[in-house]
Amino acid sequence: MRVSLLAASEKEVAWVHKEITNCRRTRHQMVEVLSGTINDVEVVFAITGVGKVSTAISTQVIIDFFPTDLCIMLGTAGILNPVLSPGDVVICKDFLQYDVSRPASAKDFDDPYTRRFATFSATEHLVKAAIHTTHRRKAVQERKILIGRVLTGECWLEEENTAQKLFSQLQGDIVDQEVAAFAQACTMSQKNFVAFKAVTDWPGLGNRDVYKTNLQLASLELKSFFFDFLDTLCGY
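Rules of the game
- Residues numbered from 1 in each chain as written.
- Predicted model: local features only at pLDDT ≥ 70, side-chain atom pairs only at ≥ 80, totals over all residues.
- Heavy atoms only, no water.
- Core = buried A, V, L, I, M, F, W, Y, C linked by side-chain atoms within 4.5 Å.
- Buried < 20%, exposed > 50% of the residue type's maximum accessible area, 1.4 Å probe, protein only.
- Helix = DSSP H or I, 4+ residues; strand = E, 2+ residues; numbered from the N terminus.
- Axes fitted to C-alpha atoms, helices over the stretch in contact; angles between N-to-C directions.
- Left-handed = near helix turned anticlockwise from the far one by under 90°.
- Contact = heavy atoms within 4.5 Å.
- Nonpolar A, V, L, I, M, F, W, Y, C, P; charged D, E, K, R; others polar.
- Pairing = 2+ DSSP bridges.
- Arc of directions from axis to C-beta.

## Some thoughts on the nonpolar core
One finds Ile72, Phe95 and Phe196 to be the most contacted residues of the largest nonpolar core, which totals 63 residues. The element that contributes the greatest number of residues to this core is helix α6 (residues 207–234), accounting for 8 residues. Counting residues in hydrophobic clusters, the runner-up holds 9 residues, among them Tyr98, Leu157, Leu166 and Leu170.

Spelled out as structure tokens, the structure:
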């Protein structure tokens, strides 16, 4: 099995490159790629950069020039669902770009929450493997693991009213700036994929400081879940 790992920024998953053994560095079309093994699983790892365009391009480069059996995106996200707390992990089952849509009719142009949005879904057997991982962890885990929907938008979300609408009207559990673009690229290339996000903060003024405070916690919880998932996948 060979797995592609992608993340928006190094600081969200600083542990990944430290875990890669027999590491080789290559560069293709401005995307730096690390290849090697993690726990005897062949991996290809790349940082996509922040934002949907950069993520889509980097994902497509990995898919086209570094063939693997599946793609996994790792990283952090903001909280929309009030049941979540910093450090919790979300298995991203559904992906939606909330700031790009086709209006249902002309009258809906001014209300983005009544538009029809394109959604993408993670590969079913990978979601099932992730769910199986949560069952194995129940006896030891302290953080919540939620199967949910991630909403992606280009801008850092700071308006609490917008966040409440995204939760109540689009049923988003978390929000980020990249992962729906990753999901779209994988879907269009018919690539098996899934994504895991650890949450750091709630939308609102000052949330950038909260993000920085909780980043290490989220990264460590994500690492723990990822290694458990990898074990599950090898025996699934």
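## Some details on the packing of helix α2 (residues 52–65) against helix α5 (residues 179–188)
Contact pair α2 / α5: the axes reach a minimum separation of 8 Å and the direction vectors enclose 35°. Between α2 and α5 the crossing geometry is right-handed. The residues of α5 that touch α2, namely those facing Lys52, Thr55, Ala56, Thr59, Gln60 and Ile63, are Ala181, Phe182, Ala185 and Cys186. Looking at side-chain class alone, the contact of α2 with α5 contains 6 nonpolar, 3 polar and 1 charged residues.

## Points about unusual backbone geometry
In this structure, glutamine 29 takes a positive phi of about 50° despite not being glycine. Its location among the elements puts glutamine 29 in the loop between β2 (21–28) and β3 (31–38). Using a relative accessible area of 52% as the deciding quantity, one classes glutamine 29 as exposed. The phi dihedral of glutamine 190 is positive, around 55°, even though this residue is not glycine. Inspection of the secondary structure assignment puts glutamine 190 in the loop between α5 and β10 (193–201).

## What to know about the pairing of strand β4 (residues 41–47)
Burial of β4 is extensive: 5 of the 7 residues sit out of reach of the surface. For β3 and β4, the ladder comprises 6 bridges, and the chain directions are antiparallel. Within β4, the position partnered with leucine 34 by the bridge is phenylalanine 45. The loop that links β3 with its antiparallel partner β4 comprises 2 residues; one of these, asparagine 39, has a positive phi angle of about 50°.

## Things to note about helix α4 (residues 160–170)
Buried within α4 we find Ala163, Leu166 and Leu170. For α4, the angular spread of buried residues about the axis comes to 85°, placing them on one side. Away from its buried face, by an angle of more than 90 degrees, α4 presents the exposed residues Glu160, Asn161 and Gln164. Against the buried residues of α4 lie β6 (89–97) and β8 (145–152). Of the residues flanking the end of α4, it is glutamine 171, one or two places downstream, whose phi is positive at about 55°.

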